[in-house]
Each structure stands twice: as C-alpha cells, then as structure tokens.
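# Residue-level structural notes
As a plain string of letters, each chain reads:
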Amino acid sequence: QIQLVESGGGLVQAGDSLRLSCAASGRAFSGYNMGWFRQAPGKERDFVAAIKWSVGSTAYADSVKGRFTISRDNAKNTFYLQMNTLKPEDTAVYYCAAGFGVGFTPTRRPDYAYWGQGTQVTVSS
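The following paragraphs examine the structure supplied in this document.

### Points about the pattern of salt bridges
With the rule as written, the count across this model stands at 4 salt bridges. Residues R67 and D90 are paired through a salt bridge, measuring 2.8 Å at the closest nitrogen-oxygen approach. Taken as a pair, R67 in the loop between β6 (58-60) and β7 (68-73) and D90 in the loop between β8 (78-83) and β9 (92-99) lie far apart in primary sequence, 23 residues in all. Residue R108 pairs with D111 through a salt bridge whose shortest N-O separation is 3.1 Å. One network of salt bridges, in which partners are shared, links R38, R67 and D90.

What follows is the structure, encoded as structure tokens:
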C-alpha cells in the first residue's frame, strides 16, 4: 500500500507559477512510476506528467510540454509538479498517482493503483 498526499494548489493569475507536491509513504516505491493527472469540471481525468522514480525518466502531455516539469526528491519521498506560465485552461483538480507493472504505460490512468485526494488549481485570466 502506498499513501499519497498532495499539496500546493491555489488560485493564481494567468502567467503565474505554482508548484504542487505529492508526499509518498508506505511500501517501498523505488520501482514505481509516479504521475500527475488533472480533471476539469465535466471532463475526464487526463494525464499531465509522469516520472519513473528509480531513474528519473519523464513523460509529458503535449499541452504542458515546455511549461510543466515533474521531479522527485528521494530524501523526502516527495515528487513535484512545477507549473509555469499557467493558463486558464490549466484550471482543474490535480491528482498525483503511483503505479507499476509489466506493460505499465505512464499515460494510462487505469495503470495507476494509488491516488492522492486531489488539490484544486484555479488560474484566472
């Protein structure tokens, strides 16, 4: 079992930056992939970014490439989503997640077994 707790959401203006954190605890997760998803009102929960904990390789949705950066801090068992140049269309509840396994695909929501509670990010124009 892995527990995930997000923090760092809030209300910002377009063009601002925000950093989300996800603190992980529980069983050893060095072999896990950690991801961020987001869900806007009335829409599905979409992939944003992912990082493979052991090697630090990353993946991003096209809509956030060049603006968002996912990273992790091994000492703190925490991973982050640095969001720059925020746009109103980035407004959503952001969820962190963890998953692993043969055939794991970082962009596939069902491949993640553990989820945080979500944190609201609102970007005003």
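The rest of the description comes next.
### Concerning the nonpolar core
Counting 36 residues, the largest nonpolar core has L4, M34, W36, F79, L81, M83 and Y94 as the members making the most contacts within it. Elements represented by at least two residues in this core include exactly β1 (2-7), β3 (18-26), β4 (33-39), β5 (45-52), β7, β8, β9 and β11 (119-124). Ignoring anything within four residues of it in the chain, the contact list for Y94 reads E6, L20, W36, F37, R38, V48, F68, L81, M83, G118, T119 and V121.

### Observations concerning the side chain of R67
On the basis of relative accessible area, R67 is assigned to the buried category, the value being 9%. Among the polar contacts listed, one links the side chain of R67 to the backbone oxygen of S63, at a separation of 3.0 Å. Reaching out from R67, the side chain makes a polar contact with the side chain of D90 at a distance of 2.8 Å. Apart from residues no more than four positions distant in its own chain, R67 is found in contact with Q82, M83, N84, T85, L86, K87 and D90.

### A look at the sheet that holds β1
Spatial ordering of the open sheet is given by β1-β3-β8-β7, a layout of 4 strands whose pairing is antiparallel. Two strands close off the open sheet at either side, each with one partner strand: β1 and β7. The sheet shows a mean angle of 20 degrees between the axes of neighbouring strands, taken without regard to direction. Note that β7 and β8 share 6 bridges and pair antiparallel.

Rules and cut-offs
- Residues numbered from 1 in each chain as written.
- Predicted model: local features only at pLDDT ≥ 70, side-chain atom pairs only at ≥ 80, totals over all residues.
- Heavy atoms only, no water.
- Salt bridge = Lys/Arg side-chain N within 4 Å of Asp/Glu carboxyl O.
- Helix = DSSP H or I, 4+ residues; strand = E, 2+ residues; numbered from the N terminus.
- Core = buried A, V, L, I, M, F, W, Y, C linked by side-chain atoms within 4.5 Å.
- Buried < 20%, exposed > 50% of the residue type's maximum accessible area, 1.4 Å probe, protein only.
- Contact = heavy atoms within 4.5 Å.
- Polar contact = N/O pair within 3.5 Å; in protein donor to acceptor, adjacent residues only side chain to side chain.
- Pairing = 2+ DSSP bridges.
- Axes fitted to C-alpha atoms, helices over the stretch in contact; angles between N-to-C directions.

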